[in-house]
Amino acid sequence: MGKRENWGTRMGFIFAAVGSAIGLGNIWRFPYLTYANGGGAFLIPYFVALLTAGIPIIILEMAIGHKYKSSPVVAFSRMSKHAEWMGWMQVFIAFIIGIYYAVIVAWALNFTLIATKLGWGTNTTSFFYNHFLHVSSGPLVLGGIVPNLAIFAIITWLLIWITLFSGIRKGIEFISKIFMPILFVGLIIILIRVVTLKGAGYGLEWLFNPHFDSIFEFKTWTAAYGQIFFSLSICYGIIIAYSSYLHDRSDIANNATMTAFINCGFSVLSAILIFSVLGYAATQQGVAIKDVAGSGIGLAFISIPMAINMMPAPKVIGTLFFLALFVAGFTSIISIVEVCCSTIIDKYKMNRRVAVSIFCFVGCCFTLVFTAKGGVHILDIVDHFINNFGIVFAGIIEIVFVSWFLKLDAIKEHINRRSDFTVGLLWTFCLKYLIPIFLGYMAIGNLVEELTTSYGNYAKQAIFYYGWAIVIVMILFSFSMQYISLKKQRAKINEVSK
Amino acid sequence: MSLTAIIFMIFALVVTWGGATLCITIAIKKKSK
């Protein structure tokens, strides 16, 4: 094993960390969440959540990666030999997210090409579900693989493979240094165009006009904490893996805070863009904003193409929008896959090129499941469960165990010794009390809702196979890996003592 | 677009990008790595 690779420059690391945090959620989740939770008033709980949860957690994870110089599994095992399972849980989540996120990135790449000819036509709903996805009647009807989707999924995995195969500096850092400025400039160009459209102000009025009543509702606060939690790529190993490649003397607190602020700034710009477009579309059609506003896949691949059709220079705007979506998604997917690859490299002392090649091949095979006709239904269920149960539970476990039972004081000292500004009592208070309370409330709320209602009206069998089963496998997998590791360690000790 | 909505939009931009700019300024001033 050679010396551990490092980031070439601080800017390279910031671009990579920001690229990982800025993902599809910034573009298709934050705008609708703001609109649906009190408009401008939602920004208050959102910024409180950023300061009391987002920044403290990202500082903590950056410090863990930097101090223990390893990917999550080995980093946690270095903290305590009984904590390795927390790392495995995060790696499992990263693997599951990676295999379905790749297919969405592949859709964005495909749509970039489709946008050059406005190939989605006038009925964008029918195009997306019938002609693009060839969607089946439900998640239990898998159907065959759709060749077009499979080809783009394979291309996406090839691009991931090339990037990670090239290493940290020549791969991830290089790509981030090119893609992040492209994303930012592309976003600004589209933004300037769309805010000057007739009706953009109408959309922005709905987005930013505050409804202060919502601040007094607890659900607004959980929505704000949830958005901060999901959008910063925290609690599933990315920040730990990336910061493990930082130089010894690198700053931690400032780098983490900078990443969090840039990510949220990008979310705000995306919200302005999306609601300008939706306001324009609503004005053109003479309908209310609620008739066109939405979130998730439907917003990106149905509502936006429909709005683009009505715009001047639709091909240019459409191509730029989907290129931005692809770039945002690609810089995130490489970080997700890197979590798994760096774990294999660190834990099993495998050569990067071999580890990346094996993992990308396996990941690509799993991704092909989501390119089947029933793939979008499976993706919806898996995404719902891995976010609401996987990430939330892994987050609670990580924060509670690290701040209460592991070496929080040592981590704090590590941060303060090398950072531009120090962390103190407030940071400890947020990690020990505030964040576990909010995450715990979210987790219980999710669990109650799941047990009392059927998610997406899917068949119970499908919910079990693609939802609960994955959560159960995650728990079994992480504890099994911990058990195997402890057993190996004991065997080694016995051998030495003999 | 109402004045209140404009104020909140500016508030969002100032907090996020202002925060990022402040962090970058500190990093440059302190010449940290």
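Residues numbered from 1 in each chain as written. Chains lettered and ligands numbered in written order. Predicted model: local features only at pLDDT ≥ 70, side-chain atom pairs only at ≥ 80, totals over all residues.

## Here we look at the overall build of chain A
- Secondary structure summary: chain A contains 20 helices and 0 strands in total.
- A globule of 498 residues ought to have a C-alpha radius of gyration of about 23 Å, and chain A, at 22 Å, matches this closely.
- Along the three orthogonal principal directions, the C-alpha set of chain A runs to about 80 × 50 × 50 Å.
- Residue burial in chain A is summarised as follows: out of 498 residues, 57% are buried.
- In chain A, 88% of the contacts between residues at least 6 apart in sequence involve partners at least 24 apart. (Helix = DSSP H or I, 4+ residues; strand = E, 2+ residues; numbered from the N terminus. Rg over C-alpha atoms; globule rule 2.2 N^0.38 Å. Buried ≥ 20, exposed ≤ 12 C-beta atoms within 10 Å, placed from the backbone. Contact = placed C-beta atoms within 7 Å.)

## Quick word on helix α1 (residues 10-21) of chain A
All names here are of chain A.
- Look at α1: 16 Å from first C-alpha to last across 12 residues, which is about the 16 Å you get at 1.5 Å a residue.
- Taking burial as the measure, the 12 residues of α1 include 10 buried ones, the bulk of the element.
- Listed as buried for α1 are G12, F13, I14, F15, A16, A17, V18, G19, S20 and A21.
- Of the surrounding secondary structure, the elements contacted by the buried residues of α1 are α9 (167-195), α11 (218-231), α12 (238-243), α13 (253-285) and α15 (314-348). (Expected span 1.5 Å × (residues − 1).)

## With respect to the interface of chain B and chain A
- With 21 residues of chain B at the interface, the matching set in chain A holds 24 residues.
- For the side of chain B that touches chain A, the residue count by class is 14 nonpolar, 5 polar and 2 charged. (Nonpolar A, V, L, I, M, F, W, Y, C, P; charged D, E, K, R; others polar.)

## Let's talk about the packing of helix α6 (residues 84-115) of chain A against helix α17 (residues 375-405) of chain A
Residue and element names in this part refer to chain A.
- Viewed as axis vectors pointing N to C, α6 and α17 meet at an angle of 155°, and their least axial separation amounts to 10 Å. The angle between α6 and α17 places the two elements in the roughly antiparallel class. By crossing handedness, the relation of α6 to α17 is classed as left-handed. Between α6 and α17, the residues in contact are M86, M89, Q90, I93, I96, I97, Y100 and V103 and G375, L379, V382, D383, I386, G390, I391, A394, I397, E398 and F401, respectively.
- Residues belonging to the contact of α6 with α17 are distributed by class as follows: 14 nonpolar, 3 polar and 2 charged. (Axes fitted to C-alpha atoms, helices over the stretch in contact; angles between N-to-C directions. Parallel < 35°, antiparallel > 145°, perpendicular 65-115°, else oblique. Left-handed = near helix turned anticlockwise from the far one by under 90°.)

## Considering unusual backbone geometry
All names here are of chain A.
- Of note, the phi angle at K69 is positive, near 45°, even though the residue is not glycine.
- Inspection of the secondary structure assignment puts K69 in the loop between α4 (43-68) and α5 (72-79).
- What makes K69 partly exposed here is the crowd of 16 C-beta atoms within 10 Å.
- Located in the positive-phi region is A313, a residue other than glycine, with phi close to 50°.
- Positionally, A313 belongs in the loop between α14 (296-310) and α15.

## Here's the deal with the nonpolar core
All names here are of chain A.
- Grouped together as the largest cluster of nonpolar side chains are 197 residues, with contacts concentrated most on I58, I59, I93, V105 and L325.
- The greatest single-element share of this core, amounting to 25 residues, is contributed by α6.
- If sequence neighbours within four positions are ignored, V105 has contacts with T156, F326, G329, F330 and I333. (Core = buried A, V, L, I, M, F, W, Y, C linked by C-beta atoms within 7 Å.)

## Re the packing of helix α8 (residues 147-165) of chain A against α9(A)
Residue and element names in this part refer to chain A.
- One can describe the packing of α8 onto α9 by two numbers: an axis separation of 6 Å at closest approach and a directional angle of 115°. Residue-level contacts link T163, L164 and F165 of α8 to G171, I172 and I175 of α9.
- Split into classes, the residues belonging to the contact of α8 with α9 amount to 4 nonpolar, 2 polar and no charged.

## Focus: the environment of A:A256
Residues and elements named next belong to chain A.
- With respect to the secondary-structure elements, A256 resides in helix α13.
- Given 28 C-beta atoms within a 10 Å radius, A256 is considered buried.
- A256 sits 198 residues away from I58 along the chain, and the two C-alpha atoms are 5.8 Å apart.
- When neighbours within four sequence positions are excluded, A256 is seen to be in contact with I55, I58, I59 and M62.

## Topic: the confidence of the model for chain B
- Counting all residues, the mean pLDDT for chain B is 93, and 100% of those residues have values of 70 or more.
- Scored as a complex, the prediction yields pTM 0.93 and ipTM 0.97. (pLDDT = per-residue confidence, 0-100.)

## Topic: the environment of B:I24
Residue and element names in this part refer to chain B.
- Of note, I24 is situated in helix α1 (residues 3-30).
- On the basis of neighbour counts, which here come to 15 C-beta atoms within 10 Å, the residue I24 falls in the partly exposed class.
- Separated by 11 residues in sequence, I24 and L13 place their C-alpha atoms 16 Å apart.

## Here's the deal with the environment of A:I415
- Among the secondary structure elements, A:I415 is positioned in helix α18 (residues 408-418).
- Filtering out sequence-adjacent residues up to four positions away, A:I415 remains in contact with A:I59, A:A63, A:I252, A:A253 and A:V423.

## As for helix α16 (residues 352-367) of chain A
All names here are of chain A.
- End to end, α16 covers 22 Å across 16 residues, agreeing with the expected 22 Å (1.5 Å per residue, within 8%).
- Of all the positions in α16, only A355, V356, F359, C360, G363 and T367 are classed as buried. Axial view of α16: buried residues confined to an arc of 120°, hence all on one face. Opposite its buried face, α16 presents the exposed residues V354, F361 and C365, each directed more than 90 degrees away.
- Looking at the buried side of α16, the elements it contacts are α6, α8 and α15. (Arc of directions from axis to C-beta.)

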